[in-house]
Amino acid sequence: MKKAIFIDRDGTIIWEPPVTEQVNTLDELVFMPGVIGALGSIARLGYELVLASNQDGLGTATYPLAQFNVVHRKMLQTLRGEGVEFADQLIDASRPEDHSPNRKPGIGMFGKYLNGDYDLTNSFVIGDRPTDVMLAKNLGAKAILYGSDEQSADCVLATTDWKTIAEYLRRTERVAETTRATRETSIRVGIDLDGKMKSCIHSGLNFLDHMLDQIVHHAGIALQVEAKGDLHVDEHHTMEDIAIVLGETIVKALGDKRGIGRYGFVLPMDECRALVLLDFGGRIDFQWDVPFTREYVGDTPTEMFKHFFKSLGAAMNCNLHIEATGENNHHLAEAVFKAFARALCMAVRRDPFSYELPSSKGLL
């Protein structure tokens, strides 16, 4: 589904005169500090940018509509020079006394975004007024309040710095959640590839919890796993479905994969050695060579580790090769999970200065 960022104009993108509260001449056209560079970064994140503004009357007798259009076109031209294009412009010309449903925080002019094609839960409204915060609530989106650093429960972010907004949106893009329910299992996985979220893992299998916790610590990510499965039958469905949902969530959190490392690890652990080769190139291949000699480690069957990683790799649409040698089966499993975690850490790490896809094809 598509995601959008609805951005107010006066007081958010450009300076708002304190008396007229409307920019009427080119002399009054002043961009807010840092906004051009920040919007240039945000424009590369995969959101549709939508200008959403109340403009009372769109001009006056002194400054008619034609003059408003001159100022507006100049603003758009300047932003376009930095790669910022608005997919849509929603501008309401009514006055407060008109009580128009199109006037923010009303959602009358947002009809096309309410038809189910847009993921509004993960979309944002950026503005400088309480009406922008209320608009976000009415749309079911998240609110970012610009011009104030007083945090509140109604806003995911309040700041006076556009750079902070850009950094927040870029990090938020790497957070995802997936739920999956079948007759056999009920799974919820949440992930934050940058490790800011609190981790909590309950798979129903103690040793698997311990292994998944290795991914948290050695990949530098945050992971939440809540699983209820038919363990009274056996462990197969639970482990398989956790792997599938985990893989789908990682892919979702990676977004368009711009700036990621893509590849990723050889790791020694006591007498064991583990090798994990990982490529988020979009092609699925799986190789496994890990000779377990025990049927179980703790409460988890060793034969399921191969199937776990095979299901995980398929769900991640990646190339995943795993080899390991060693004597102690606990160490062997732990070395594999740690090596996978380090490979994942390398592959999902994003260069903050790069918006390029790590592919000569231009597609991953």
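All values reported here derive from a predicted model rather than from experimental measurement.

## Notes on the packing of helix H7 (residues 303-315) against helix H8 (residues 329-348)
Item 1. Orientation of H7 relative to H8, taken along the N-to-C sense of each, is 10°, at an axis distance of 12 Å. One way to sum up the angle between H7 and H8 is to call them roughly parallel. The hand of the H7/H8 crossing is right-handed. Where H7 abuts H8, its residues Phe305, Phe308, Phe309 and Leu312 lie against Ala333, Val336, Phe337 and Phe340.
Item 2. Among the residues forming the contact of H7 with H8, the class breakdown is eight nonpolar, no polar and no charged.

## As for the packing of helix H5 (residues 206-219) against H8
Item 1. Two numbers describe how H5 lies on H8: the axes approach to 8 Å, and their chain directions differ by 35°. Crossing angle aside, the handedness with which H5 passes H8 is right-handed. Residues Phe207, Leu208, His210, Met211, Leu212, Gln214, Ile215, His218 and Ala219 of H5 form the contact with H8, whose participating residues are His330, Ala333, Glu334, Phe337, Lys338, Phe340, Ala341, Arg342, Leu344 and Cys345.

## Let's talk about the sheet that holds strand S8 (residues 185-192)
Item 1. Taking strand neighbours across the sheet as the criterion, the four strands line up as S7-S8-S10-S9 in an open arrangement whose pairing is mixed. Single-partner strands in this sheet number two, and they are strand S7 (175-181) and strand S9 (200-202). Averaged over all neighbouring strand pairs, the angle between strand axes comes to 10°, with direction disregarded.
Item 2. Bridge count between S9 and strand S10 (residues 222-229): three bridges; the pairing is parallel. Directly across from Cys200, in S10, lies its bridge partner Gln224.
Item 3. Running at roughly 155° to S9, H5 makes contact with S9 and S10 of the sheet.

## Here we look at the sheet that holds strand S12 (residues 272-279)
Item 1. As summarised here, the arrangement of the four strands in space is S11-S12-S16-S13, forming an open sheet in which the pairing is mixed. Each edge of the sheet is formed by a strand with only one pairing partner; in this case those strands are strand S11 (266-269) and strand S13 (285-289). The average angle at which neighbouring strand axes cross in this sheet is 10°, direction not considered.
Item 2. Two strands pair when backbone bridges link them, and S12 and strand S16 (residues 319-325) are joined in this way by seven bridges, in the antiparallel orientation. Pairing of Leu277 across the sheet is with His321, part of S16.
Item 3. Across the face of the sheet, H7 comes into contact with S13 and S16 while running at roughly 160° to S13.
Item 4. Sitting on the sheet, H8 touches S11, S12, S13 and S16, and the angle it makes with S12 is about 35°.

## Considering the pattern of salt bridges
Item 1. One pass over the structure, following the stated rule, counts nine salt bridges.
Item 2. A salt bridge links Asp194 to Arg174; the shortest N-O distance between them is 3.1 Å. Within this pair, whereas Asp194 is found in the loop between S8 and S9, its partner Arg174 is found in the loop between helix H4 (162-172) and S7, the two being separated by 20 residues in sequence.
Item 3. Accessibility expressed as a relative area gives 29% for Asp194, which makes it partly exposed.
Item 4. With a relative accessible area of 2%, Arg174 lands in the buried category.
Item 5. Within the structure, one salt-bridge network assembled from shared partners comprises Asp8, Lys104 and Asp132.

What counts, and at which threshold
Residues numbered from 1 in each chain as written. Predicted model: local features only at pLDDT ≥ 70, side-chain atom pairs only at ≥ 80, totals over all residues. Heavy atoms only, no water. Axes fitted to C-alpha atoms, helices over the stretch in contact; angles between N-to-C directions. Helix = DSSP H or I, 4+ residues; strand = E, 2+ residues; numbered from the N terminus. Parallel < 35°, antiparallel > 145°, perpendicular 65-115°, else oblique. Left-handed = near helix turned anticlockwise from the far one by under 90°. Contact = heavy atoms within 4.5 Å. Nonpolar A, V, L, I, M, F, W, Y, C, P; charged D, E, K, R; others polar. Pairing = 2+ DSSP bridges. Salt bridge = Lys/Arg side-chain N within 4 Å of Asp/Glu carboxyl O. Buried < 20%, exposed > 50% of the residue type's maximum accessible area, 1.4 Å probe, protein only.

Interpretation note: all reported values are geometric properties and have no functional meaning in isolation.
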